[in-house]
Amino acid sequence: MSTLALRGPARVVVLQHRRTLWITGALALTGIVLMGVAWWVTSAAATTFDDTGCSVRHTVHGCGIAVRHFLSVELYFNHLLGYAGVAMMVLPAAFGMFVAGPMIGRELEDGTYRLSWSQSVSPARWLTAKLAVPAVLTVAGVSVLSAVYGWAWSRARGTNYPVQWFEPQVYGAMGPAPVGYALLCLALGALAAVLVRRTLPAMAVTAAAYAVVVVVMNAVRGGLWPMRTDTTALGREIRYPSAASDVSVGWLTGGGTRLGGTTCAGADDVDACMVRHGAVSQYVDYHPAAHFWPLQLIETGILLVLAAIAVAVAFRVLRRSHG
């Protein structure tokens, strides 16, 4: 199907929903500006605090007010990153519900789609145009928002209130994963619309499906890439890796068998109990910060495959019902 053939239907989609598109773009721009201003205020506060000669860790008499003000500004920036991360996680659901409702579901429910189909526009071309326009805008917009969030997060790492990369609201707002979630929601919205054919129920189904996907992916994320394992001799202090996620600690026998955490539950001397069970070392499983990109790429790939399946099913359902 040529781009030229889609130009007419795509133009109609833009004209029909131009107000929503403008509002969405304005909100995204507002978020970007807000993030930039917040970091400018935080950076200016840091510069002013440095000029006072005071220290957060070694506060001396006369520095209390300056320290409290500086820490409060950094804390506000930390909160802003958290709220922005939550907004980035909600954004895909909003895109999907828009596709399921006003963009596709309402036309199928009201029957206005017949006007397009009577003008030499096939159901497949009609649905392609409905998906192509928001898909292009979503990829562009979410990519920019994700990049801005990643920039702000990198600045927050040097503050007294850093946010960790593995926190759900942070992980879901950076890298390619937000784009994958947004495209999957668009596909889920289209599928819900052609299956349900009613605006509000289709929007509800899309939101519920997205919630299920988020819960499942958060549950299985730790297993998408092999963890790193460090071992320590029994009785020595375990060094927990910094900025690591999914940290789990256990014991190993001489043959490499892992002993469960309940093996010596309630024992007065856990190490002595473990020795009796054959333990010779302790282990720590974790994902270091270097695993961020492998995890992101694998998760995004899964999301894109699910999105392709949902779109294919939507086209198949539409073709069957109007073939």
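Residues numbered from 1 in each chain as written. Predicted model: local features only at pLDDT ≥ 70, side-chain atom pairs only at ≥ 80, totals over all residues. Heavy atoms only, no water.

A. Structural context of the sheet that holds strand S3 (residues 258–259). Across the sheet, four strands lie side by side as S1-S4-S2-S3; this open sheet has antiparallel pairing. Edge strands, defined here as strands with exactly one partner in the open sheet, are strand S1 (228–233) and S3. With seven bridges connecting them, strand S2 (residues 245–253) and strand S4 (residues 279–287) associate as antiparallel partners. Residue pairing across strands places valine 249 opposite valine 284, the latter belonging to S4. (Pairing = 2+ DSSP bridges. Helix = DSSP H or I, 4+ residues; strand = E, 2+ residues; numbered from the N terminus.)

B. Representation of helix H9 (residues 199–220) within the structure. Counted at 1.5 Å a residue, the expected span for H9 with its 22 residues is 32 Å, and the 32 Å between its end C-alpha atoms agrees. Of all the residues in H9, the buried ones are Thr199, Ala202, Met203, Thr206, Tyr210, Val213, Val214 and Met217. Each buried residue of H9 sits inside an arc of 110 degrees when the element is viewed along its axis, so together they form one side. Structural note: H9 exposes Leu200, Val212, Val215 and Ala219 on the side pointing more than 90 degrees away from its buried face. (Expected span 1.5 Å × (residues − 1). Buried < 20%, exposed > 50% of the residue type's maximum accessible area, 1.4 Å probe, protein only. Arc of directions from axis to C-beta.)

C. Layout of the packing of helix H8 (residues 177–196) against helix H11 (residues 292–321). At a closest axis distance of 8 Å, the pairing of H8 and H11 adopts a crossing angle of 20 degrees. It follows that H8 is roughly parallel to H11 by the angle criterion. As H8 runs across H11, the sense of the crossing is left-handed. In terms of residue class, the contact of H8 with H11 is made up of 21 nonpolar, three polar and one charged. (Axes fitted to C-alpha atoms, helices over the stretch in contact; angles between N-to-C directions. Parallel < 35°, antiparallel > 145°, perpendicular 65-115°, else oblique. Left-handed = near helix turned anticlockwise from the far one by under 90°. Nonpolar A, V, L, I, M, F, W, Y, C, P; charged D, E, K, R; others polar.)

D. Summary view of the packing of aromatic side chains. Tallying each qualifying case throughout the model produces seven aromatic pairs. Taken together, a centroid distance of 5.7 Å and an interplanar angle of 85 degrees make the contact between tryptophan 165 and phenylalanine 166 edge-to-face. Relative accessible area serves as the criterion here: at 4%, tryptophan 165 is assigned to the buried category. For the ring pair tryptophan 165 and phenylalanine 292, a centre distance of 6.1 Å and an interplane angle of 90 degrees mean the geometry is edge-to-face. Taken together, the positions of tryptophan 165 in the loop between helix H6 (123–156) and helix H7 (168–171) and phenylalanine 292 in helix H11 put the pair 127 residues apart, joining distant regions of the chain. Taken together, the aromatic side chains of Trp165, Phe166, Tyr171, Phe292 and Trp293 make up a single cluster linked through ring pairs. The ring of tyrosine 283 has arginine 258 lying over it, and the distance from NZ or CZ to the ring centre is 3.9 Å. (Phe/Tyr/Trp six-rings, centres within 6.5 Å; stacked < 30°, edge-to-face > 60°. Lys NZ or Arg CZ within 6 Å of the ring centre and 35° of its normal.)

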